[in-house]
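Residues per chain, in single letters:
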Amino acid sequence: MDYFLELFFGGLTRGSIYALIALGYTMVYGIIELINFAHGEIYMIGAFTALIVSSVLAFAGLSGLSVLFLAAAAAIVYSAAHGFTVEKIGYKPLRQAPRLSPLISAIGMSIFLQNYVMLAQTSDFLPFPSLLPDLPFLSDLEIGIGSTEAIILMTTAVSMVLLTLLIKFTKMGKAMRATAQDRNMAMLVGVDVNRTISYTFIIGSTLAAIGGVLIASHIGRINFYIGFIAGIKAFTAAVLGGIGSIPGAVLGALVLGWTESFATGYVSSDYEDVFAFLLLVIILIVRPSGLLGRSTAQKV
Amino acid sequence: MSGGLLELIDVQTYYGNIQALKDITIAVEEGEIITLIGANGAGKSTTLMSISGIVPPRAGEILFMGRRIDGVRPNDIVALGISQVPEGRRIFPYLTVTENLDMGAFLRKDKAGVRKDMEHVFELFPILAERRNQPGGTLSGGEQQMLAISRALMARPRLLLLDEPSLGLAPIYVRLIFDIIRRINREDGTTIFLVEQNANMALKVAHRGYVMETGRIVMADTAENLRNDEGVKRAYLGM
């Protein structure tokens with residue numbers, strides 16, 4: 001039972017991180033029907049920013065939670081700026097173009113950002129400091145969950161609640177939903193669609209940056225390529241849950257996290273990805289629009 | 001005709017290389033109902049989309065209250081006081097009735113006024129009040145048309161553009177919708193630009209009309225004269 005719980009929480013943690021990144025994919029897809037391949041890189045840039053800022057702060061003599069919060073804030077700002085800029089440079093000029101063009105542009109953006117970080121930093125793995133605080137009472141509880149995992153879960157949960165409130169109740173959230181459902185009609189009621197799309201990229205990037213800081217602290221090392229792997233997994237999660245659906249992205253991410261965790265625990269870690277993608281294939285055969293995806297009523 | 005509320009002067013609009021509007025000149029005075037009738041594909045909807053800025057004209061001028069609005073962004077045109085009920089109603093399917101109405105008032109800041117107008121809309125169409133928490137996509141065609149008109153009214157427009165409001169509706173709804181159009185014009189003083197295939201009904205509610213054929217205005221007259229015109233009768237009124 002202990003082993004099961006350990007795998008359960010491991011999968012939940014992993015799934016939470018996937019969810020934070022998957023939300024960016026699904027929100028962007030929902031609003032402009034584009035798979036933003038550069039999204040994984042935004043997450044990677046968040047991790048790098050946190051590493052640089054925390055190193056500088058540590059050098060300046062700061063320690064503890066202040067380092068975490070300042071590093072996370074810097075990561076969010078820097079990632080959001082990148083997400084915003086990528087859309088303005090890479091996708092906005094192609095909004096009337098055939099759908100393949102922005103997709104190729106997205107792949108280009110992804111490669112560009114990877115190489116830019118590699119050249120500006122290094123291609124080697126860099127150690128990432130453990131910024132997250134220790135919660136000793138958790139180990140006393142003996143439920144198989146560590147401090148880092150608990151913090152990741154809580155942060156993710158809070159982010160999801162805030163995101164839901166934002167989308168459900170704020171003016172910006174309503175504009176985002178309206179734009180996703182019918183862009184021209186949104187314009188006809190006075191929504192500034194360009195600004196709404198920018199907001200979507202900024203929010204998605206913010207979540208990715210939070211994910212980046214969390215996972216880097218958890219794993220303890222980063223390089224310029226981590227965005228690619230995480231991006232593919234999060235994208236899988238978004239498709240699994242039904243791309244365009246926000247609860248779907250979270251559900252898909254959790255299912256994916258658990259699949260990987262249990263496959264690793266009970267079968268072999270060699271088969272982690274096999275099971276993840278096998279699951280994707282099966283779900284797409286049974287439910288082509290994903291777990292919570294809206295049936296394929298294609299918009300014209 | 002200067003000093004009109006809306007003026008289109010030699011408007012040319014293209015979809016890619018295909019010219020959809022050729023030298024369109026239309027003038028709308030404050031407080032009137034004008035109608036634009038014509039066959040499918042004549043360019044009626046394109047005319048409205050050009051006014052709203054969704055498909056901006058390539059040449060010509062559009063003036064609203066004496067100010068050029070061609071090339072102005074669609075959301076800014078709404079802010080100036082032009083709302084459109086597009087063809088096909090275009091309700092936000094996953095937003096509730098109330099949220100759809102909220103979207104109509106998207107640019108308004110006076111919360112109390114918005115709440116009051118929503119009550120007014122619910123009086124106009126009691127069925128919408130009953131369905132206020134239902135997603136817009138689950139409404140019937142007639143109810144969606146009521147919602148679409150209400151959503152546009154929530155912006156308190158000076159000029160309301162209506163594209164085929166009677167299309168695909170049961171006769172009882174057609175009558176209701178035209179009654180409401182007349183009421184909006186008479187009671188609120190809202191100027192109405194009505195695009196219709198149902199020329200018969202349109203020429204009954206409108207003060208003046210324009211007839212459009214393959215991207216051009218071919219006739220302009222009072223609604224009464226158009227109703228009695230032999231050519232119009234044969235082509236559009238089925239007489």
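Keep in mind that this is a model prediction, so the values were computed, not measured.

**Some remarks on the overall build of chain B**
Per the secondary structure count, chain B includes 10 helices and 10 strands. In summary, chain B has a C-alpha radius of gyration of 17 Å against a globular reference of 18 Å for 239 residues, a match within 12%. If one aligns the C-alpha atoms of chain B with their principal axes, the spans along those axes are about 45 × 40 × 35 Å. The burial tally for chain B puts 49% of its 239 residues in the buried class.

**Details of the interface of chain B and chain A**
Taken residue by residue, the interface counts 21 residues in chain B and 13 residues in chain A. Looking at the side of chain B that touches chain A, the elements with two or more residues in it are α2 (74-80) and α3 (97-104) of chain B. Its residues placed into classes, the side of chain B that touches chain A shows 13 nonpolar, four polar and four charged.

**Topic: the pairing of strand β6 (residues 82-85) of chain B**
Residue and element names in this part refer to chain B. Neither face of β6 is left uncovered, since the one carrying I82 and Q84 and the one carrying S83 and V85 both have all their residues buried. With four bridges connecting them, β6 and strand β7 (residues 159-163) associate as parallel partners. Across the sheet, the residue bridging to S83 is L160, located in β7.

**Section: the confidence of the model for chain B**
With 98% of its residues at a pLDDT of 70 or more, chain B shows a mean pLDDT of 94. Scoring of the predicted complex yields 0.91 for pTM and 0.93 for ipTM.

**Focus on helix α4 (residues 111-124) of chain B**
All names here are of chain B. With 14 residues, α4 extends 20 Å from end C-alpha to end C-alpha; this agrees with the ideal 20 Å at 1.5 Å per step. Among all positions of α4, only D117, M118 and V121 are buried. An end-on view of α4 places all buried positions within 105 degrees of arc, on one side of the element. Facing away from the buried surface of α4 by more than 90 degrees, the exposed residues are A112, R115, K116, E119 and E123. On its buried face, α4 sits against α3, α5 (126-130) and α6 (141-153).

**Re the sheet that holds strand β1 (residues 6-15) of chain B**
The strands making up a sheet are joined through hydrogen bonds of the backbone, oriented either antiparallel or parallel. Residue and element names in this part refer to chain B. The four strands are arranged β2-β1-β4-β5 in an open sheet whose pairing can be described as antiparallel. Looking at which strands have only one partner, the edges of the open sheet turn out to be β2 (18-28) and β5 (67-68). Here β1 runs beside strand β4 (residues 59-64); their pairing, made up of five bridges, is antiparallel. Within β4, the residue paired with I9 across the bridge is E61. Packing against the sheet, helix α1 (residues 44-52) makes contact with β1, β2 and β4, and its axis sits at approximately 70 degrees to β2.

**Details of the packing of α3 of chain B against α6 of chain B**
All names here are of chain B. At a closest axis distance of 7 Å, the pairing of α3 and α6 adopts a crossing angle of 35 degrees. Of the two elements, α3 crosses α6, and the hand of that crossing is right-handed. Here V97, N100, L101, M103 and G104 of α3 come into contact with α6, specifically with L147, S150, R151 and A152. Class assignment of the residues belonging to the contact of α3 with α6 gives a composition of five nonpolar, three polar and one charged.

**Some thoughts on the environment of V250 of chain A**
Residues and elements named next belong to chain A. Its location among the elements puts V250 in helix α11 (residues 246-266). Here V250 falls in the buried class, since 26 other C-beta atoms lie within 10 Å of it. Each C-alpha atom of the pair V250 and A19 lies 4.9 Å from the other, and the pair is 231 residues apart in sequence. Excluding anything up to four places from it in sequence, V250 contacts A19 and M160.

**Details of unusual backbone geometry**
Although it is not a glycine, E33 of chain A adopts a positive phi angle of roughly 50 degrees. When you line up the elements, E33 of chain A lands in the loop between α1 (2-32) and α2 (39-59). Non-glycine residue R90 of chain B carries a positive phi angle of around 50 degrees. Within the secondary structure, R90 of chain B is located in the loop between β6 and α3.

**Some thoughts on the sheet that holds strand β3 (residues 33-38) of chain B**
Residue and element names in this part refer to chain B. Spatial strand order, β6-β7-β8-β3-β9-β10: six strands in an open sheet with mixed pairing. At either end of the open sheet lies a strand with only one pairing partner, and these are β6 and β10 (216-222). Within this sheet the neighbouring strands show an average axis-to-axis angle of 15 degrees, counted without direction. Where β3 and strand β9 (residues 208-213) come together, five bridges link them in parallel fashion. Its bridge partner being in β9, L36 is matched across the sheet by Y210. Lying over the sheet, α6 contacts β6 and β7, oriented at roughly 170 degrees with respect to β6. Across the sheet, helix α7 (residues 171-188) is in contact with β3, β7 and β8 (191-196); its angle to β8 comes to roughly 160 degrees.

What counts, and where the lines are drawn
- Residues numbered from 1 in each chain as written.
- Chains lettered and ligands numbered in written order.
- Predicted model: local features only at pLDDT ≥ 70, side-chain atom pairs only at ≥ 80, totals over all residues.
- Helix = DSSP H or I, 4+ residues; strand = E, 2+ residues; numbered from the N terminus.
- Rg over C-alpha atoms; globule rule 2.2 N^0.38 Å.
- Buried ≥ 20, exposed ≤ 12 C-beta atoms within 10 Å, placed from the backbone.
- Contact = placed C-beta atoms within 7 Å.
- Nonpolar A, V, L, I, M, F, W, Y, C, P; charged D, E, K, R; others polar.
- Pairing = 2+ DSSP bridges.
- pLDDT = per-residue confidence, 0-100.
- Expected span 1.5 Å × (residues − 1).
- Arc of directions from axis to C-beta.
- Axes fitted to C-alpha atoms, helices over the stretch in contact; angles between N-to-C directions.
- Left-handed = near helix turned anticlockwise from the far one by under 90°.

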